[in-house]
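Remarks on the overall topology
Below are the chains, spelled out letter by letter.
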Amino acid sequence: MQLVIINIIRFVLLVFIQVFIVNNIDFWSLNYLISPMIYISFLFTLPVNINRFLTLAIAFILGLSVDLFMDSYGVHASACVLIAYLKPRFTNQMETQNTFQSTYNLSVHMVDSIQYIVYISSLSAIFFFWLFLLEEFSFVRLHYILLKTILSTIVSVIFILVGQFLFFSKPQT
Amino acid sequence: MKNLIAFIRSIRFLLFFIFLQLLAFIFISNGKGFQTSSIISSSNAMSGWLYERNQAVIDYFHLAEQNKLLLEENTRLQSEIIENYRKGGAEDIIYNDTIFELKYKYFPAKVIKNSVSKRFNIITLNVGRKQGIEREMGVINSQGVVGFVKDVSQNYCTVMPLMNENVRLTAKSQKQNLYGNLLWESDDDFNQVTVKKVPTYIDLIKGDTMVSTSQESIFPEGKPIGRVLNISKEQGSNYKTIQLETTVDFYNLSHVMVVKNMFKEEIDSLNIQ
């Protein structure tokens, strides 16, 4: 129950931080190429034992609430649902190699940090590629989309990791 | 039959995924269009309210700049008032007020959200249906053309600025009555727009101003859009492409005016026929 309340607060806070702070960060002339998204950290840390239908529904609502603020109509909702759908493939792999409590929030402290970085960067890369592809709605400028995906993924992963080191505590064993 | 149900049960997660994706795609296709309106936009009551609170804080950082702009505009208006002009002889003037009919009505508005870094930028204003705002009204400020209204809700509206790849307007030279298509090309930087399909015999040099036309019956004629940055000839055609630097500073946008063309409906109804 406590975990549910914490996650609801995290949901609202992450959307607010995304919309009112991260979206306003100025990268000088790289503004077109870097658009960091930290709110997807919510999907990464969501406990793995939650019903997978519920996970998809949460991802959809999360994406839609960001769409509401960023005037992107449904692009974020689509990308969030995609990574929520693909998430079990990555977490299952981690679960076989690590023993972690699947009812806890899946933060960087729970598993081997290299594995966790691989997990969030590959899902972020998929997220950004799908997001920018939908925004452009064409393959004409594929090189531009790929460059944008790589740069945004790097910056987002750094932001998300720093955030998790700051706000998640190590679980007591 | 039993097998079919078992099969559907086994792929029900995939089906749910596809269902949510389709839902998202419906939202996207509703919003992306140039003419259509969307429910998922920041003209929505909740996000509009939050952006307004957010802007209330940010406003303090731009006070000095905004004061300067207001002063400039006041000075310009001051120089235009009737007391500044000498009256002609009484015999020259025909007094008949009713020959003038109001064509453009202006509503003051404040920008509460302004995105600058995307290819499809959207601005949100703090006026909506209650204040008499409708779709496809023009938005200008003292410096020139900003954009036009896309979606309207009860208290807020979203504006498609010139800095959006979906924008299709016309612009003309201030000196001659020659038109071109105004759009924001992918290679345009911020505060730059491109005018295409301008006849080659147009007489323009760097620094000249291009202004709005009343072709779409959105803007009053002659509001400045941008100054010419460079001119190039389109290959294999009789047209020129002109790159403009917008007169409006989109980085620093706070107070704008929404323009209503009182005759828009009448003109549009003629165009349909």
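Below, the structure is looked at part by part. Everything quoted here is computed from the prediction, not taken from an experiment.

Let us look at the environment of Asp203 of chain B. All names here are of chain B. Positionally, Asp203 belongs in the loop between strand S8 (192-199) and strand S9 (209-212). The class for Asp203 is partly exposed, based on a relative accessible area of 49%. The sequence separation of Asp203 and Asn181 amounts to 22 residues, and the corresponding C-alpha distance is 17 Å. Once residues lying within four places of it in the same chain are set aside, the contact partners of Asp203 are Lys175, Gln176 and Asp208.

This part is about helix H3 (residues 52-70) of chain A. In a regular helix each residue adds 1.5 Å, so 19 residues correspond to 27 Å; H3 of chain A covers 27 Å between its end C-alpha atoms and thus fits that length. With a side-chain oxygen lying 2.7 Å from the backbone nitrogen of Phe53 of chain A, the N-terminal cap of H3 of chain A falls on Asn51 of chain A.

On to the interface of chain A and chain B. Contacts between the two partners involve 31 residues from chain A and, on the opposite side, 41 residues from chain B. Taken together, the two surfaces of chain A and chain B that pack against each other cover about 3300 Å², and 68% of this comes from carbon and sulfur. The largest per-residue losses of area from chain A upon contact with chain B belong to Tyr32, Leu68 and Tyr73 of chain A, which jointly make up 25% of the total buried on that side. For the pair chain A and chain B, the interface holds two salt bridges. There are four residue pairs in polar contact (both at pLDDT 80 or more) connecting chain A and chain B. For the side of chain A that touches chain B, the elements supplying multiple residues, two or more each, are helix H1 (2-20), H3, helix H4 (75-97) and helix H5 (113-136) of chain A. Broken down by element, the side of chain A that touches chain B gets its largest block of residues, 10 residues, from H3 of chain A. Partitioned by chemical class, the residues of the side of chain A that touches chain B number 22 nonpolar, three polar and six charged.

Counting residues in hydrophobic clusters, the biggest one holds 61 residues, and the most contacted among them are Tyr39, Phe44, Tyr116 and Phe127 of chain A. Sorting the residues of this core by element identifies H1, helix H2 (41-45), H3, H4, H5 and helix H6 (142-167) of chain A together with helix H2 (12-32) and helix H3 (45-58) of chain B as the ones contributing at least two each. Here this core gets 11 residues from one element, more than from any other, and that element is H4 of chain A. Each residue touching Tyr39 of chain A, except ones within four places of it in the same chain, is listed here: Leu14, Gln18, Leu62, Val66, His76, Cys80 and Phe127 of chain A. Phe107, Ile133, Leu169 and Leu244 of chain B belong to the second largest nonpolar core, which has 49 residues in total.

For the rest of this paragraph, the subject is the packing of H1 of chain A against H3 of chain A. All names here are of chain A. Packing of H1 against H3 leaves a shortest axis separation of 10 Å and a crossing angle of 30°. Classified by the interaxial angle, the pair formed by H1 and H3 is roughly parallel. Two packed elements cross with a definite hand, and for H1 against H3 that hand is right-handed. Facing H1, whose interface residues are Phe11, Val15, Val19 and Phe20, H3 presents Ile58, Ile61, Leu62, Ser65, Val66 and Phe69. Its residues placed into classes, the contact of H1 with H3 shows nine nonpolar, one polar and no charged.

Tallying each qualifying case throughout the model produces 15 aromatic pairs over all chains. Ring centres of Phe11 of chain A and Phe42 of chain A lie 5.4 Å apart, and the angle between their planes is 85°; this geometry places the pair in the edge-to-face category. With a gap of 31 residues between them, Phe11 of chain A in helix H1 and Phe42 of chain A in helix H2 connect regions that are remote in the sequence. For the pair Phe11 of chain A and Phe42 of chain A, a shared accessibility class is recorded, and that class is buried. Pairing Phe20 of chain A with Tyr51 of chain B gives two aromatic rings, centres 5.4 Å apart and planes at 70°, and the pair type is edge-to-face.

For Tyr73 of chain A, which is not a glycine, the phi torsion comes out positive at approximately 70°. With respect to the element layout, Tyr73 of chain A can be found in the loop between H3 and H4. On the basis of relative accessibility, which here comes to 10%, the residue Tyr73 of chain A falls in the buried class. Even without glycine at this site, Glu136 of chain B takes up a positive phi of about 60°. Inspection of the secondary structure puts Glu136 of chain B in the loop between strand S2 (123-125) and strand S3 (138-141). Of the residues examined, Glu136 of chain B reaches a relative accessible area of 22% and is grouped as partly exposed.

This brings us to the pattern of salt bridges. If you walk through the whole model with that rule in mind, you get 10 salt bridges over all chains. When the shortest N-O distance is used, the salt bridge between Glu134 of chain B and Lys260 of chain B registers 3.6 Å. Here the residue Glu134 of chain B occupies a position in the loop between S2 and S3, and Lys260 of chain B occupies one in strand S12 (residues 255-261), the gap between them amounting to 126 residues. One network of salt bridges, with partners in common, ties together Glu136 and Arg141 of chain A together with Glu165 of chain B.

If you add up the space inside the largest pocket, you get close to 1100 Å³. Along the walls of the largest pocket sit 48 residues, with Asn23 of chain A together with Asn114, Ser115, Val116 and Ser117 of chain B positioned nearest its centre. The set of elements that each furnish at least two residues to the lining of the largest pocket consists of H1, H4, H5 and H6 of chain A together with H3 and strand S1 (104-114) of chain B. For the lining of the largest pocket, the class distribution of residues is 25 nonpolar, 15 polar and eight charged. Roughly 380 Å³ of volume is contained in the second largest pocket. What lines the second largest pocket is a set of 15 residues, among which Leu14, Ile17, Ile38, Gly163 and Phe167 of chain A lie closest to the centre. When its residues are assigned to classes, the lining of the second largest pocket shows 11 nonpolar, three polar and one charged.

All names here are of chain B. What the six strands build is a closed barrel, ordered S1-S2-S5-S4-S3-S12; its pairing is antiparallel. Going from strand to strand, the sheet's axes swing by 45° on average, the running direction of each strand aside. As paired strands, strand S4 (residues 144-152) and strand S5 (residues 157-161) are joined by five bridges and run antiparallel to one another. Its bridge partner being in S5, Asp151 is matched across the sheet by Thr158.

Reading the values: the criteria
- Residues numbered from 1 in each chain as written.
- Chains lettered and ligands numbered in written order.
- Predicted model: local features only at pLDDT ≥ 70, side-chain atom pairs only at ≥ 80, totals over all residues.
- Heavy atoms only, no water.
- Helix = DSSP H or I, 4+ residues; strand = E, 2+ residues; numbered from the N terminus.
- Buried < 20%, exposed > 50% of the residue type's maximum accessible area, 1.4 Å probe, protein only.
- Contact = heavy atoms within 4.5 Å.
- Expected span 1.5 Å × (residues − 1).
- Polar contact = N/O pair within 3.5 Å; in protein donor to acceptor, adjacent residues only side chain to side chain.
- Buried area = accessible area lost by both parts, 1.4 Å probe.
- Salt bridge = Lys/Arg side-chain N within 4 Å of Asp/Glu carboxyl O.
- Nonpolar A, V, L, I, M, F, W, Y, C, P; charged D, E, K, R; others polar.
- Core = buried A, V, L, I, M, F, W, Y, C linked by side-chain atoms within 4.5 Å.
- Axes fitted to C-alpha atoms, helices over the stretch in contact; angles between N-to-C directions.
- Parallel < 35°, antiparallel > 145°, perpendicular 65-115°, else oblique.
- Left-handed = near helix turned anticlockwise from the far one by under 90°.
- Phe/Tyr/Trp six-rings, centres within 6.5 Å; stacked < 30°, edge-to-face > 60°.
- 1 Å grid on protein atoms, 1.4 Å probe; cavity = no way out; pocket = protein on both sides within 12 Å on 5 of 7 lines; lining within 4 Å.
- Points joined across faces, edges and corners; volume = space filled by probe spheres on them.
- Pairing = 2+ DSSP bridges.

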